[in-house]
Amino acid sequence: MGAVEKNIKEMIIGRYGSLKKFCETINMPWTTLDSILKRGIVNSNMTNVMKITKELKIDTECLASGMILDSTKTDIAHRNAEIKESPKIIQYYGMLNDMGKYEATKRVEELTNLPQYVSPDTPEYLKPIAARNDYEKEPGQAEKMLEDISSLKRPK
């Protein structure tokens, strides 16, 4: 469950007391809501997402960008300012179709495997520590691999 889904779940429980009661209110099977929260809102049927956002009075478009904003706000400029404050990557991600989201996720994941792009706050177990060489049988590659490995070792 992602952060958005966790916040939606907490919002539902805070307002309705339970997920089951909320499901009764919006006429949705509990298993459907549970599946949406586990798989992610962006991977869900739009009709079901709209039922949820309408009842909770949150903006559906903003939710697609990973933000939870009150849909009852009439000040469009204020809502647009809140949207612009979110990181551009989230704004761009929200504009992608399923295939684009898959590719974007893959590319961001690839960046996390390069030490120069990993934040110093990243837990040690998530940082990359090795590389793979598909040409290990070629002359001189074994030595190159050993050099690469020694350059990746971290002080203990």
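All values derive from a computational prediction rather than experimental measurement.

Criteria and cut-off values
Residues numbered from 1 in each chain as written. Predicted model: local features only at pLDDT ≥ 70, side-chain atom pairs only at ≥ 80, totals over all residues. Heavy atoms only, no water. Helix = DSSP H or I, 4+ residues; strand = E, 2+ residues; numbered from the N terminus. Expected span 1.5 Å × (residues − 1). Polar contact = N/O pair within 3.5 Å; in protein donor to acceptor, adjacent residues only side chain to side chain. Patch = residues over 30% accessible without salt bridge, like charges linked within 9 Å, V, L, I, M, F, W, Y side chains within 5 Å. Areas by Shrake-Rupley, 256 points an atom, 1.4 Å probe, with all protein chains shown as cover. Salt bridge = Lys/Arg side-chain N within 4 Å of Asp/Glu carboxyl O. Axes fitted to C-alpha atoms, helices over the stretch in contact; angles between N-to-C directions. Parallel < 35°, antiparallel > 145°, perpendicular 65-115°, else oblique. Contact = heavy atoms within 4.5 Å. Core = buried A, V, L, I, M, F, W, Y, C linked by side-chain atoms within 4.5 Å. Buried < 20%, exposed > 50% of the residue type's maximum accessible area, 1.4 Å probe, protein only. Left-handed = near helix turned anticlockwise from the far one by under 90°. Nonpolar A, V, L, I, M, F, W, Y, C, P; charged D, E, K, R; others polar. Arc of directions from axis to C-beta.

Brief notes about helix H8 (residues 98–111)
The end-to-end C-alpha distance of H8 is 20 Å, a good match for the 20 Å that 14 residues give at a rise of 1.5 Å each. The N-cap of H8, judged by a side-chain oxygen 3.1 Å from the amide nitrogen of Met99 a few residues on, is Asn97.

A word on a nonpolar patch on the surface
A surface patch of nonpolar side chains, about 230 Å² in accessible area, is lined by Ile89, Ile90 and Val108. One can find Val108 in helix H8.

Points about the packing of helix H2 (residues 19–26) against helix H4 (residues 46–56)
Running from N to C, H2 and H4 point in directions that differ by 100 degrees, and their axes come no closer than 10 Å. Judged on the interaxial angle alone, H4 and H2 are roughly perpendicular. Each of Phe22, Thr25 and Ile26 in H2 lies in contact with H4, whose residues at this interface are Lys51, Ile52, Glu55 and Leu56.

Regarding the nonpolar core
Residues Ile8, Ile12, Phe22, Leu33, Ile52, Leu56 and Leu63 are the most contacted members of the largest nonpolar core, which totals 19 residues. Counting residues per element, this core draws most heavily on helix H1 (residues 3–16), which supplies five residues. Among all residues touching Phe22, those that are not within four sequence positions of it are Ile12, Tyr16, Leu33, Ile52, Glu55 and Leu56.

Observations concerning the environment of Asn27
Looking at where Asn27 falls in the secondary structure, it is placed in the loop between H2 and helix H3 (30–39). As a C-alpha pair, Asn27 and Lys51 span 24 residues in sequence and 8.8 Å in three-dimensional space.

A short note on the packing of H1 against H3
In contact at an axis separation of 8 Å, H1 and H3 are set at 145 degrees when each is read in the N-to-C sense. For the crossing formed where H1 meets H3, the hand is left-handed. Contact residues: H1 offers Glu5, Ile8, Lys9 and Ile12, while H3 offers Leu33, Ile36 and Leu37. For the contact of H1 with H3, the class distribution of residues is five nonpolar, no polar and two charged.

Thoughts on the environment of Leu19
In this structure, Leu19 sits in helix H2. For Leu19, a relative accessible area of 11% gives the class buried. Considering only alpha carbons, one finds Leu19 and Leu33, 14 residues apart in sequence, at a separation of 7.9 Å. Setting aside residues up to four positions removed in sequence, Leu19 forms contacts with Lys9, Ile12, Ile13, Trp30, Leu33 and Leu37.

Concerning H1
Helix length check: H1 (14 residues) gives 20 Å between terminal C-alpha atoms against 20 Å at 1.5 Å per residue, within 8%. Within the sequence span of H1, burial applies to Val4, Glu5, Ile8, Met11, Ile12 and Tyr16. Projected onto a plane normal to the axis of H1, the buried residues spread over an arc of 120 degrees and lie on a single side. Turned more than 90 degrees from where H1 packs its buried face, Ala3 and Gly14 sit exposed. On its buried side, H1 packs onto H2, H3, H4 and helix H5 (60–64). In the stretch just after H1, Gly17 is the one whose phi turns positive, near 85 degrees.

All we've got here are geometric facts, nothing functional implied.
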